[in-house]
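Coordinate analysis (summary)
Listed below, chain by chain, are the residues.
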Amino acid sequence: MDYFRIYIDLLRNILPFLTYDLFITHFSHCVEKRKVNIIRIVFLLIWTACSIIPHIPYFDIISFLLYVLYLILITQNKWIKKLLVYLVKMVQGRQL
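The structure reproduced in this document is the subject of the present report. Within each chain, residue numbers correspond to sequence positions counted from 1 in written order. With pLDDT at 70 or above as the cut-off, local features in this predicted model cover only qualifying residues; side-chain atom pairs require 80 or more to be listed or tallied, and sums for whole chains, interfaces and linings still use all residues. Excluded from the side-chain calculation are hydrogens and water; included are all heavy atoms of the structure.

1. Structural notes on the nonpolar core
In these notes, a set of buried Ala, Val, Leu, Ile, Met, Phe, Trp, Tyr and Cys residues joined through side-chain atoms within 4.5 Å is what counts as a nonpolar core. Note on exposure labels: buried denotes an accessible area under 20% of the residue type's maximum, exposed denotes more than 50%, and partly exposed covers the range between, all computed with a 1.4 Å probe on protein chains only. Counting residues in hydrophobic clusters, the biggest one holds 14 residues, and the most contacted among them are Phe17, Ile24, Phe43, Trp47, Tyr70 and Ile74. When contributions to this core are tallied by element, the ones reaching two or more residues are helix H1 (3-27), helix H2 (33-52) and helix H3 (59-74). Runs of E in the DSSP output that reach at least two residues are strands. Runs of H or I that reach at least four are helices, and both are numbered from the N terminus. Broken down by element, the residue count for this core peaks at six residues, all from H3. By the convention used here, residues are in contact when the closest approach between their heavy atoms is within 4.5 Å. Those residues in contact with Trp47 that sit more than four places away from it in its chain are Asn13, Ile14, Phe17, Phe59, Ser63, Leu66 and Tyr67.

2. So, H2
How far a helix is expected to stretch is found by multiplying one less than its residue total by 1.5 Å. Here H2 contains 20 residues, and its C-alpha end-to-end distance of 29 Å stays within 8% of the 28 Å for a straight helix at 1.5 Å per residue. By the burial criterion, the buried members of H2 are Val36, Ile39, Phe43, Trp47, Cys50 and Ser51. Projection of H2 onto a plane perpendicular to its axis shows the buried side chains occupying an angular sector of 115°, all on one side. Among the exposed residues of H2, those pointing more than 90 degrees away from its buried face are Arg34, Ile41 and Leu45. Relevant arc is that of directions from the helix axis to the C-beta atoms, nothing else.

3. Some remarks on the packing of H2 against H3
Between H2 and H3, whose axes approach to 11 Å, the crossing angle comes to 175°. Judged by the angle between their axes, H2 and H3 are roughly antiparallel. For the pair formed by H2 and H3, the contact residues are Val36, Ile39, Arg40, Phe43, Ile46, Trp47 and Cys50 on the first element and Phe59, Ser63, Leu66, Tyr67, Leu69, Tyr70, Leu73 and Ile74 on the second. The nonpolar class holds Ala, Val, Leu, Ile, Met, Phe, Trp, Tyr, Cys and Pro. Asp, Glu, Lys and Arg form the charged class, and all remaining residues, Gly among them, are polar. Grouping the amino acids of the contact of H2 with H3 by side-chain chemistry returns 13 nonpolar, one polar and one charged. Axis lines are fitted to C-alpha atoms, over the contacting stretch for helices. Their N-to-C directions set the angle, which ranges from 0 to 180 degrees. In what follows, roughly perpendicular refers to angles from 65 to 115 degrees, roughly parallel to angles under 35, roughly antiparallel to angles over 145, and oblique to any angle outside these ranges.

4. Here we look at the packing of aromatic side chains
Under the pairing criterion, centres of Phe, Tyr and Trp rings, with the six-membered ring standing for Trp, must be within 6.5 Å; the plane angle then separates stacked pairs below 30 degrees from edge-to-face pairs above 60, leaving the rest tilted. Scanning the entire structure with this criterion turns up seven aromatic pairs. Aromatic pair Phe43 and Tyr70: ring centres 5.0 Å apart, planes at 70°, arrangement edge-to-face. Note that Phe43 is positioned in helix H2 and Tyr70 in helix H3, a separation of 27 residues in sequence. Given the relative accessible area of 4%, Phe43 is considered buried. Between Trp47 and Tyr67, the ring centres sit 5.2 Å apart and the planes meet at 40°, which makes this aromatic pair tilted. In this pair, Trp47 sits in helix H2 while Tyr67 sits in helix H3, placing the two residues 20 residues apart along the sequence. Each member of the pair, Trp47 together with Tyr67, is buried. An aromatic cluster of at least three residues, connected via ring pairs, comprises Phe17, Tyr20, Phe43, Trp47, Tyr67 and Tyr70.

Pasting the structure below:
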């Protein structure tokens, strides 16, 4: 195993996640603190596993989806519901 590659991958994957987490928890209303900690631990384990396994196919798409999934799970879903309603109305308006 190349420990330098694992170290660089951990820095490249986990530091942006922690920064993302910091801004989400600071600027939005999150779910209960206990739920946040459980979700955070699960996602940190996923990011660590993605860092250790070399050459994951489609990792860019997977990482983007993980960020979105984390955002959906950790925030209160009021603005997400509003965004989905807006997108549905926009699509319905285009079809008319």
